[in-house]
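A look at the structure
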Amino acid sequence: MSETIRAPGRGKEVTSLSNPIIKDIRLLEKKRHRDETGTFLAEGMKLVIDAIENGWTIRTLIYAKAGRGQENVEKLATRCLAQGADVLIVSEKVLGAIARRDNPQMVMGVFEQRWTSPAAIRPAGNDVWVALDRVRAPGNLGTIIRTADAVGAKGVILVGQTTDPFATETVRATMGSIFAVPLTRMSEADFIAFAGKWPGTVAGTHLKGAVDYRKPNYREKPVLLFMGNEQAGLTDELAAACTVLIKIPQAGRADSLNPAIATGVSLFEIRRHALTFEGEVS
Ligand code: SAM
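Bear in mind that the values here come from a model prediction, so they are computed numbers and not experimental data.

Contacts to the ligand come from 18 residues, most closely from Thr205, Gly228, Ile248, Gln250 and Leu257. In this structure, an oxygen atom belonging to the ligand sits 2.6 Å away from a side-chain N or O atom of threonine 205. Here a nitrogen atom of the ligand and a backbone polar atom of isoleucine 248 are 2.9 Å apart. In isolation the ligand has 570 Å² of accessible area, and contact with the protein removes 85% of it. The cavity that encloses the ligand is the largest pocket. Elements supplying a minimum of two residues to the shell around the ligand: β12 (244-247) and α10 (259-274). Residue classes in the shell around the ligand are distributed as 8 nonpolar, 8 polar and 2 charged.

A word on the environment of alanine 64. For alanine 64, the position within the fold is in strand β3 (residues 58-64). For alanine 64, a relative accessible area of 1% puts it in the buried group. Linking alanine 64 and valine 90, residues 26 residues apart in sequence, is a C-alpha distance of 5.1 Å. Those residues in contact with alanine 64 that sit more than four places away from it in its chain are Ile89, Val90, Glu92, Leu95 and Met106.

Assigned domains of the chain: these are domain 1 (11-112) and domain 2 (118-277). Once you take the C-alpha centre of each, domain 1 and domain 2 turn out to be 32 Å apart. With 13 residues of domain 1 in contact, the opposing surface of domain 2 contributes 10 residues. Carbon and sulfur atoms supply 62% of the area buried between domain 1 and domain 2, which totals about 1100 Å² over both sides. Our enumeration of links across domain 1 and domain 2 arrives at 2 salt bridges. Across the domain 1-domain 2 interface, the total number found is 5 residue pairs in polar contact (both at pLDDT 80 or more).

A word on helix α8 (residues 188-196). For α8, the full list of buried residues reads Phe191, Phe194 and Ala195. Buried residues of α8, viewed axially, fall in a sector of 95°; they line one side. In α8, the exposed residues that point more than 90 degrees away from the buried face are Ala189 and Gly196. In this structure, the buried residues of α8 make contact with β6 (128-133), β7 (155-159), β8 (183-186), β9 (201-205), β11 (223-227) and α9 (236-240).

Okay, the sheet that holds strand β2 (residues 39-43) next. One open sheet holds the 5 strands; their spatial order is β1-β4-β3-β5-β2, and the pairing between them is mixed. Looking at which strands have only one partner, the edges of the open sheet turn out to be β1 (11-14) and β2. Adjacent strand axes in the sheet meet at a mean angle of 20° when their direction is disregarded. Taken together, the 4 bridges between β1 and strand β4 (residues 86-90) define a ladder with parallel strand orientation.

Their axes nearest at 12 Å, the elements helix α3 (residues 45-53) and helix α4 (residues 71-82) cross at an angle of 35°. As for how α3 packs across α4, the hand of that crossing is left-handed. In contact with Met45, Val48, Ile49, Ile52 and Glu53 of α3, α4 contributes Asn72, Val73, Leu76, Arg79 and Cys80.

With that settled, consider the environment of glycine 155. Along the chain, glycine 155 turns up in strand β7. C-alpha separation for the pair glycine 155 and valine 181, spaced 26 residues apart in sequence, amounts to 5.2 Å. In contact with glycine 155, other than residues within four places in its own chain, are Val128, Trp129, Val130, Val181 and Pro182.

Here we come to the nonpolar core. Counting residues in each nonpolar core, the largest one holds 51 residues, and the members touching the most others are Leu61, Phe111, Leu132, Val156 and Phe179. Tallying contributions element by element places α3 first for this core, with 5 residues. Not counting residues up to four positions away in its chain, the partners in contact with leucine 132 are Leu141, Ile144, Val156, Ile157, Leu158, Val159, Thr162, Phe226 and Met227.

What counts, and at which threshold
- Residues numbered from 1 in each chain as written.
- Predicted model: local features only at pLDDT ≥ 70, side-chain atom pairs only at ≥ 80, totals over all residues.
- Heavy atoms only, no water.
- Near = heavy atom within 4 Å.
- Polar contact = N/O pair within 3.5 Å; in protein donor to acceptor, adjacent residues only side chain to side chain.
- Areas by Shrake-Rupley, 256 points an atom, 1.4 Å probe, with all protein chains shown as cover.
- 1 Å grid on protein atoms, 1.4 Å probe; cavity = no way out; pocket = protein on both sides within 12 Å on 5 of 7 lines; lining within 4 Å.
- Sits in = over half its atoms within 2 Å of the grid points.
- Helix = DSSP H or I, 4+ residues; strand = E, 2+ residues; numbered from the N terminus.
- Nonpolar A, V, L, I, M, F, W, Y, C, P; charged D, E, K, R; others polar.
- Buried < 20%, exposed > 50% of the residue type's maximum accessible area, 1.4 Å probe, protein only.
- Contact = heavy atoms within 4.5 Å.
- Domains from an automatic or database assignment.
- Buried area = accessible area lost by both parts, 1.4 Å probe.
- Salt bridge = Lys/Arg side-chain N within 4 Å of Asp/Glu carboxyl O.
- Arc of directions from axis to C-beta.
- Pairing = 2+ DSSP bridges.
- Axes fitted to C-alpha atoms, helices over the stretch in contact; angles between N-to-C directions.
- Left-handed = near helix turned anticlockwise from the far one by under 90°.
- Core = buried A, V, L, I, M, F, W, Y, C linked by side-chain atoms within 4.5 Å.

The structure is reproduced here in structure tokens:
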């Protein structure tokens, strides 16, 4: 993907927590600030490089003083400056304060958020998309995005009021998949209309599902896998918008699975019908 051409950025050394740029970056912990600036924080050298290679726009690269003189870090800094990003070389104390934890990653990046418009979704072949009804827990959302990436799903749709995919905790849980999986958001009413036009199976996962999740034919048409809210499951209106309600049979005392686990189990079954995985073992 081509890189955005901007004026070269500036490099700067920062050691004080009261520096306004650092204060601004630390505010990215708050959803309101992420929404207002349309940016978010990603941690780790590999993540930052993956994001840039995938065409994401970096606003600020931050790295520890200890990274000075390290060829890979300096190369990355030069690349970011050329793309118009600012580069901050910071003390361990500043890095820890931005990450809000001990042993922070040596490299971090502030990136522009990216959303895919619902109108850009064009399901074809045996594509699979995942939709999530009011997902609340950042760890669940991050794990689901990572799992969707692992099976080659085309994207994740957030329905209703959900946790923010660009929260640092969620980004961490995606392990970089946030940069590979298109994200869309829509209201419950818009989703019902969207599901009504879906050209294949809309498989809602439901504890009262009448169909074993291994039974439907997921092979020929696009599949939209729909997961319910952690506490309440799918609303009745959303369940009615599905073409089939599937259930993962359980034994033991647990009355349900964690939704991220249920997503993984369902997605790998759906892909088993349709795909040969690259890393498949016989
Ligand atoms: N009390 C909620 C209910 O009655 O639906 C429990 C929700 S469960 C913790 C969260 C979501 O994970 C469900 O809405 C469904 O999408 C999925 N899920 C969990 N266990 C499942 C199972 N055994 N079969 C199908 N979906 C399951």
